[in-house]
Amino acid sequence: MTPAAHALAAIEVLTEIENRRSPAAGALKAWGAAHRFAGSGDRARIASIVYDALRSRASIAWRMGEATPRALVLGALVFVRHADVDALAAAFAASPHAPAPVTEAERAAIAAASLDGAPDHVRGDYPEWLDASLARVFGEARAEEGAALAARAPLDLRVNALKGDRDKALEALAHLKAEPTPLSPFGVRIPLTDDGRGPPVQAEPAHLKGLVEVQDEGSQIAALLCAAAPGEQVIDLCAGAGGKTLALAAGMRNRGQLYAHDSDIRRLAPLHDRATRAGVKNLQIRSPRGAADVMEDLEARADLVLVDAPCTGAGTWRRNPDAKWRMRPSALDVRISEQDAALDDGARLVKPGGRLVYVTCSLLAEENEDRIAAFLGRRPEFAAVPAAEAAVAAGLPDLARFALPSGGSILLSPRRSGTDGFFIAVLRRT
Ligand SMILES: C[S@@+](CC[C@H](N)C(=O)[O-])C[C@H]1O[C@@H](n2cnc3c(N)ncnc32)[C@H](O)[C@@H]1O
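Definitions and cut-offs
- Residues numbered from 1 in each chain as written.
- Predicted model: local features only at pLDDT ≥ 70, side-chain atom pairs only at ≥ 80, totals over all residues.
- Pairing = 2+ DSSP bridges.
- Helix = DSSP H or I, 4+ residues; strand = E, 2+ residues; numbered from the N terminus.
- Domains from an automatic or database assignment.
- Buried ≥ 20, exposed ≤ 12 C-beta atoms within 10 Å, placed from the backbone.
- Near = placed C-beta within 6 Å.
- Nonpolar A, V, L, I, M, F, W, Y, C, P; charged D, E, K, R; others polar.
- Core = buried A, V, L, I, M, F, W, Y, C linked by C-beta atoms within 7 Å.
- Contact = placed C-beta atoms within 7 Å.

### Description of the pairing of strand β7 (residues 283-286)
Turning to step 1, where the next piece is worked out: Bridge analysis of strand β6 (residues 257-261) against β7 gives four bridges, and the strand direction is parallel. In the strand pairing of β7, Tyr259 is matched with Gln284.

Below, the structure written as structure tokens:
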């Protein structure tokens, strides 16, 4: 397929997303199934254009003067990828499968395009209804924070200390130009292609042998701030597929006992194989069993309980750009009540003197500081550990620079730390 044919396909996929309100991943899969001639490289290129367009949807629409799938694709090529309009028009004209010729009106819109005078939610590419929430956290910097969240995410890996060190991983992945990440001592970053695609790292021997796992640097830091130590009793209550479970296991060096639980048994399923591949030997997976309380015997037993709570995922919009446009206020309300419930579920498992670590991949105070304030109001036997103290305990004192002004928690974001957005609060039970 030619680049012009990729652009045409991206317009078709965006039309499907628009008309049927389909999630981007589903629409891309359906397009691939209906166009068997397209190889995996073509599908990846089409997906990359679709995601570039979705990340910057509001600012592209403002500059193009319309939000049609065609305008979004043209805008993604010109404003995100800095394509030359004449070259684009020539490529469209030369390809039998291409979008309709570039019009004079489109050329004029592109030539005059500017974000001067655009409101914050347009400059920051986020839904207008979230403006007040983001203003609460970032004030005047909210458009810049939003713009950083609208950039492409890097491809980060975590080196599994149970299998080797970072130098070994960098050597094994040297052909992918792997570099250390700036914040996590276990982080490795793989550069993307110019059009935003990463190599198939999951097929690399280093991945198959468990030396590396795909994990954003922000997620690695969230796990590191738990400071799980060898010999401890540790519970990952909302373990999902176990991204943070495996990071906790590496910190424990297979000594002590690690428990992973999730209220959704399907989400836990991949963890069984992942733990085996990672060489984790001290993990018990506590799958839910109907209405039974499968954590009852662990009440007040844990040195550390991680509550990696369900959230809107607003910190991961770089990776899931259609989620930000699909998000509705009612979803935020649901997440908030789930977060309160998960914190209460976790609290009962912490022993006196133990830690409860609350993490979300959201940037919204409603899901973060507000949940901690409400929890501390309900549970006076818990107190916030200052972020600077938590950073020192994790052996990463430099992370204290990402503390929120209250000093009781840490907020990472693409603009603040170059990572996905994460909120981390460490609490201690008296
Ligand atoms: C953010 S995801 C976890 C991601 C995972 N920890 C990781 O690092 O890959 C949140 C998970 O919490 C689970 N969950 C929600 N409420 C829960 C509760 N009260 N107890 C246990 N798990 C819960 C959801 O099923 C979901 O899998």
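### Focus on the domain arrangement of the protein
Interface extent is often summarised as the accessible area lost during association of the parts.
Turning to step 1, where the next piece is worked out: Assigned domains within the protein: domain 1 (3-118), domain 2 (155-214) and domain 3 (217-429).
Turning to step 2, where the next piece is worked out: Centre-to-centre separation of domain 1 and domain 2, based on C-alpha positions: 31 Å.

### Remarks on the pairing of strand β9 (residues 350-360)
Turning to step 1, where the next piece is worked out: Counting buried positions over the 11 residues of β9 gives eight, a clear majority of the element.
Turning to step 2, where the next piece is worked out: As paired elements, strand β8 (residues 302-308) and β9 share six bridges and run parallel to each other. Bridge pairing in β9 places Val305 opposite Leu356.
Turning to step 3, where the next piece is worked out: Looking at chain direction, β9 and strand β12 (residues 422-429) are connected through six bridges and run antiparallel. Bridged to Leu356 within β12 is Leu427.

### Focus on the site of the ligand
Turning to step 1, where the next piece is worked out: The local shell around the ligand holds 18 residues, among which Cys238, Gly240, Gly243, Asp264 and Asp308 are the closest.
Turning to step 2, where the next piece is worked out: Counting only elements with at least two residues in the shell around the ligand, the list comes to α14 (243-252) and α17 (329-347).
Turning to step 3, where the next piece is worked out: Considering each element in turn, the shell around the ligand owes the most residues, four residues, to α17.
Turning to step 4, where the next piece is worked out: Residues belonging to the shell around the ligand are distributed by class as follows: seven nonpolar, four polar and seven charged.

### Considering the nonpolar core
Turning to step 1, where the next piece is worked out: Core analysis: the largest hydrophobic core is formed by 75 residues, its most contacted members being Leu225, Leu248, Val305, Val307, Val357, Tyr358 and Val359.
Turning to step 2, where the next piece is worked out: In this structure Val307 touches Leu237, Cys238, Ala342, Leu343, Gly346, Leu356, Val357, Tyr358 and Val359, once residues within four positions along its chain are discounted.
Turning to step 3, where the next piece is worked out: Formed by 33 residues, the second largest nonpolar core is a distinct cluster that contains Val13, Leu54, Leu72 and Val73.

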